[in-house]
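Spelled out, the chains give:
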Amino acid sequence: MSLSSAVKSKRERGCFITLEGIEGAGKSTHIAPLSTLLASMGLRVVTTREPGGSPIAERIRALLLDPGNTGMDETAELLLMFAARAEHLSKTIRPALESGAWVLCDRFTDATYAYQGGGRGLDPRRIAALETLVQGDLRPDLTLLFDLAPALGLARARGRGAADRFESETLHFFEAVRAVYLERARASPERYYLIDAAAPLSDVGEQVEQALRALIETRRGETVDVSGTGEEA
């Protein structure tokens, strides 16, 4: 059975896929090809990002990323993240999923655990309480974690131009962020798919496609082609 046929049998169901990782890991590079791949299967795809993804959430994003806001209170930062997320969910993510679209989101709540929990050192129980308040039981169906050594990621990110408020953080900050990401991946292997983001671009793309195939296999409850031959495994 082809991958395309497998997906089309589940067209009526929306799926929520998030892409996570530190700065420079390549999430933004791969979200567009992933969207194109899903669209080629006849799926409606909504591509979005956090913080942001809706008009009010994008205005909050500007506050959070503005390097002029260095020194922002850590609790204020956390609350702004979830304020943006509440708007994003209400205006973009939930309507798309309910309509049957597949949603690809560049960062979601895992980033809050990693950045505000790991990087800022906030109690993860506070994050979990806000997660429940804002999201209810909504969680991603699949999280692609683009894993990369922080020194390499920062070198990539800072080579793109002026650093935003998070990109200006220290190497130690990003080491703590990465540690939390990896810890969460180990705790929830059924949801996370670890991507070696240091690999060549084409290899990373193949890893992303393999993760998508694994998700579709799980949703169907049967084995689908993962060899690229169009035959059942």
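Residues numbered from 1 in each chain as written. Predicted model: local features only at pLDDT ≥ 70, side-chain atom pairs only at ≥ 80, totals over all residues. Heavy atoms only, no water.

Student: Tell me about the overall build of the protein, and name the residues and values.
Tutor: Along its length, the protein carries nine helices and five strands. Scanning the protein from its N terminus toward the C terminus, one meets helices and strands in the order α-β-α-β-α-α-β-α-α-β-α-α-β-α. Looking at the 233 residues of the protein, the share that counts as buried comes to 49%. Intrachain contacts of the protein at a sequence separation of at least 6 include 77% that bridge at least 24 residues. (Helix = DSSP H or I, 4+ residues; strand = E, 2+ residues; numbered from the N terminus. Buried < 20%, exposed > 50% of the residue type's maximum accessible area, 1.4 Å probe, protein only. Contact = heavy atoms within 4.5 Å.)

Student: Describe the confidence of the model for the protein, naming the residues involved and giving the relevant values.
Tutor: Within the protein, residue pLDDT values average 88, and 88% of them lie at 70 or more. Here residues 1-11 scores under 50 on pLDDT; set against residues more than four positions off or in separate chains, the count is 25 contacts. Below a pLDDT of 50 lies the segment residues 222-233, which in the model reaches 21 contacts outside its immediate sequence neighbourhood of four places, other chains included. (pLDDT = per-residue confidence, 0-100.)

Student: How would you explain the packing of helix H4 (residues 74-98) against helix H5 (residues 109-119) if you had to name every residue and give the values?
Tutor: Working note: a packed helix pair is described by the angle between its axes plus the distance between those axes. For the pair H4 and H5, interaxial distance at closest approach is 11 Å and the crossing angle is 175°. With respect to H5, the axis of H4 lies roughly antiparallel. Contact residues: H4 offers Glu77, Leu78, Met81, Phe82 and Arg85, while H5 offers Thr109, Thr112 and Gln116. Of the residues contributing to the contact of H4 with H5, the split by class is three nonpolar, three polar and two charged. (Axes fitted to C-alpha atoms, helices over the stretch in contact; angles between N-to-C directions. Parallel < 35°, antiparallel > 145°, perpendicular 65-115°, else oblique. Nonpolar A, V, L, I, M, F, W, Y, C, P; charged D, E, K, R; others polar.)

Student: Requested: an account of the environment of lysine 27, with residues and values cited.
Tutor: Position of lysine 27 among the secondary structure elements: in helix H2 (residues 27-40). Here lysine 27 falls in the buried class, since its relative accessible area comes to 8%. In this structure the C-alpha to C-alpha distance between lysine 27 and alanine 197, which are 170 residues apart in sequence, comes to 8.9 Å. Ignoring any residue separated from it by four or fewer positions in sequence, one finds lysine 27 in contact with Leu19, Glu20, Gly21, Asp106, Arg107 and Phe146. Of note is the side chain of lysine 27, whose polar atom sits 2.8 Å from the side chain of aspartate 106. (Polar contact = N/O pair within 3.5 Å; in protein donor to acceptor, adjacent residues only side chain to side chain.)

Student: Please set out helix H8 (residues 171-187) residue by residue, giving values where relevant.
Tutor: Over its 17 residues, H8 runs 24 Å from end to end, which matches the ideal 24 Å to within 8%, given 1.5 Å per residue. Regarding H8, the residues found buried are Phe173, Phe174, Val177, Val180, Tyr181, Leu182 and Ala185. Here the buried face of H8 lies against strand E1 (15-20), H5, strand E4 (142-147), helix H7 (150-158) and strand E5 (192-196). (Expected span 1.5 Å × (residues − 1).)

Student: Give a description of the packing of aromatic side chains that names residues and reports values.
Tutor: Within this structure, the stated rule accounts for six aromatic pairs. For the ring pair tyrosine 115 and phenylalanine 174, a centre distance of 6.2 Å and an interplane angle of 80° mean the geometry is edge-to-face. Within this pair, whereas tyrosine 115 is found in helix H5, its partner phenylalanine 174 is found in helix H8, the two being separated by 59 residues in sequence. Phenylalanine 174 shares its class with tyrosine 115; the two are buried. Here the aromatic cluster, defined as three or more aromatic residues joined through ring pairs, consists of Tyr115, Phe166, Phe173, Phe174 and Tyr181. (Phe/Tyr/Trp six-rings, centres within 6.5 Å; stacked < 30°, edge-to-face > 60°.)

Student: Give me the lowdown on the pairing of E1, citing residues and values where you can.
Tutor: Where burial is concerned, most of E1 is hidden: six out of the six residues are buried. Neither face of E1 is left uncovered, since the one carrying Cys15, Ile17 and Leu19 and the one carrying Phe16, Thr18 and Glu20 both have all their residues buried. Where E1 lies against strand E3 (residues 102-106), five bridges are found, and the strand directions are parallel. Residue pairing in the sheet places phenylalanine 16 in a bridge with valine 103 of E3. The sheet contact formed by E1 and E4 spans four bridges and is parallel. Paired with glutamate 20 across the two strands is leucine 145, which belongs to E4. (Pairing = 2+ DSSP bridges.)

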